[in-house]
Amino acid sequence: METTTTVRAAALELEAVSRHHGRRGSGRETVALDAVSCAVPEGSFTAVVGPSGSGKSTFLQCAAGLDRPTSGTVRIAGTDLGRLSEAALTRLRRDRIGFVFQSHALNLVPSLSIVENVVLPLVLAGADPRGAGVLDRGRLLLDRVGLAGRGDDRPGTLSGGQQQRVAVARALVNHPDVLFADEPTASLDPESAALVLGLLRDAVRLDGRTVVMVTHDPVAASWADTVLTMDGGRLR
Ligand SMILES: Nc1ncnc2c1ncn2[C@@H]1O[C@H](COP(=O)(O)OP(=O)(O)OP(=O)(O)O)[C@@H](O)[C@H]1O
């Protein structure tokens, strides 16, 4: 009998990634990440947890190409970030990665309408913001996150939880290889947090997206399929 084995490709791979701060040999060197290796499969929801100072943010920054590791290799859908110029890395972040940050105030541009915020990554990549297809996609995503009809308002008219839902819509607009979320529910009440986490989980279950979320909150981590625990710059 013939058997088929499905091996899911890695959306994100880290190979012996280290990140040191401070001058080597100065006696003030901090090892924020210490030879971390892991592979995050496509279509999975991973939480990165650990105590304060354990290296979670540094992990996310290096994995998402926002910071360059001191040594080691990071690959997003097979692309080695260390081989990219700054310009190419910026393009990769814009076109192939989605971000949701901790503070809803930092996630959205207050002077743009809500739907303009959602489609911003497409516009930055060259799409015509007046093109019907572009705004339609933005409105479709707003519907998905429960904010249909609010597209023409400004972000300041939304609650913190609603703003984080817009941030999730925006992070999904370019069909990213990986959506990174840094403490996305830290400033939210439990009900709003559950809505945001449900959207991240749906992006994985319904669309096959890959989500990597840093959190210190065990309840938030429990929404993920896999939990990676950091301790002293290493994965436990
Ligand atoms: N720019 C920097 N310069 C020097 N040390 C740094 C820098 N960034 C981080 N570190 C150090 O690296 C270690 C890991 O920091 P990191 O912010 O990644 O931890 P964390 O787990 O995200 O912490 P928290 O949960 O408090 O945000 C800490 O010891 C921190 O002090």
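The notes below deal with the structure included here. (Residues numbered from 1 in each chain as written. Predicted model: local features only at pLDDT ≥ 70, side-chain atom pairs only at ≥ 80, totals over all residues.)

### Some words on the overall build of the protein
Summing up its helical and strand segments, the protein has eight helices and 10 strands in all. Relative to the globule expectation of 18 Å for 236 residues, the C-alpha radius of gyration of the protein, 18 Å, shows essentially globular dimensions. Considered along the principal axes of its C-alpha atoms, the protein spans approximately 60 × 55 × 40 Å. A total of 236 residues make up the protein; the buried ones form 42% of that total. Contacts in the protein between residues at least 24 apart in sequence constitute 70% of all its contacts with a sequence separation of at least 6. (Helix = DSSP H or I, 4+ residues; strand = E, 2+ residues; numbered from the N terminus. Rg over C-alpha atoms; globule rule 2.2 N^0.38 Å. Buried ≥ 20, exposed ≤ 12 C-beta atoms within 10 Å, placed from the backbone. Contact = placed C-beta atoms within 7 Å.)

### What to know about the nonpolar core
Ranked by internal contacts, the top residues of the largest apolar core, which has 63 residues, are Ala 63, Val 168, Phe 180 and Leu 200. Counting residues per element, this core draws most heavily on helix α7 (residues 190-207), at seven residues. Beyond its immediate chain neighbours, meaning those up to four positions away, Ala 63 contacts Leu 12, Leu 14, Val 74, Phe 180 and Val 212. (Core = buried A, V, L, I, M, F, W, Y, C linked by C-beta atoms within 7 Å.)

### With respect to helix α5 (residues 132-144)
The terminal C-alpha atoms of α5, which comprises 13 residues, lie 18 Å apart, in line with the 18 Å expected from a rise of 1.5 Å per residue. What α5 keeps buried is the set Leu 135, Arg 137, Gly 138, Arg 139, Leu 141 and Leu 142. On the buried face of α5, the contacting elements are α4 (114-124) and α6 (160-172). (Expected span 1.5 Å × (residues − 1).)

### A few points about the sheet that holds strand β9 (residues 226-231)
Here six strands make up an open sheet; going across it, the order is β6-β7-β8-β3-β9-β10 and the pairing mixed. Because the sheet does not close on itself, it has two edges, and the strands there are β6 (97-100) and β10 (234-235). Across four bridges, strand β3 (residues 45-49) lies against β9 in parallel orientation. Within the sheet, the bridge partner assigned to Val 48 lies in β9 and is Leu 228. (Pairing = 2+ DSSP bridges.)

### Regarding the packing of α4 against α6
Interaxial distance between α4 and α6 falls to 7 Å at its minimum, and their mutual angle equals 35°. Two packed elements cross with a definite hand, and for α4 against α6 that hand is right-handed. Where α4 approaches α6, its residues Ile 114, Asn 117, Val 118, Leu 120 and Pro 121 are matched on the opposing element by Val 166, Ala 169 and Arg 170. When the residues that make up the contact of α4 with α6 are grouped by side-chain class, the tally is six nonpolar, one polar and one charged. (Axes fitted to C-alpha atoms, helices over the stretch in contact; angles between N-to-C directions. Left-handed = near helix turned anticlockwise from the far one by under 90°. Nonpolar A, V, L, I, M, F, W, Y, C, P; charged D, E, K, R; others polar.)

### A few points about the site of the ligand
Taken together, 13 residues lie near the ligand, and His 21, Ala 32, Ser 52, Ser 57 and Thr 58 sit nearest. Among the secondary structure elements, those contributing two or more residues to the shell around the ligand are β2 (30-41) and α1 (56-63). Element by element, the count of residues in the shell around the ligand is highest for α1, at three residues. By residue class, the composition of the shell around the ligand is one nonpolar, 11 polar and one charged. (Near = placed C-beta within 6 Å.)

### So, the pairing of β6
Alternating positions in β6 separate into two faces, Ile 97 and Phe 99 on one and Gly 98 and Val 100 on the other, with burial throughout. Of the pairings in the sheet, the one linking β6 to strand β7 (residues 178-182) comprises four bridges and is parallel in character. Looking at the pairing, Phe 99 lines up with Phe 180 of β7.

### Things to note about the pairing of β9
Sheet topology places β9 next to β10; two bridges connect them, and they run antiparallel. What sits directly across from Met 230, in β10, is Leu 235. The antiparallel pairing of β9 with β10 creates a hairpin that spans two residues between the two strands, and Gly 232 there sits at a positive phi of about 55°.

### Some thoughts on the sheet that holds β2
In a beta sheet, neighbouring strands are held together by backbone hydrogen bonds and run either parallel or antiparallel to one another. Pairing in this open sheet of four strands is antiparallel, and the strands run β2-β1-β4-β5 from one edge to the other. Every interior strand has two partners, whereas the edge strands, β2 and β5 (79-80), have only one. For strand β1 (residues 10-21) and strand β4 (residues 71-76), the ladder comprises five bridges, and the chain directions are antiparallel. When the sheet's bridge partners are listed, Leu 12 is paired in β4 with Ile 76.

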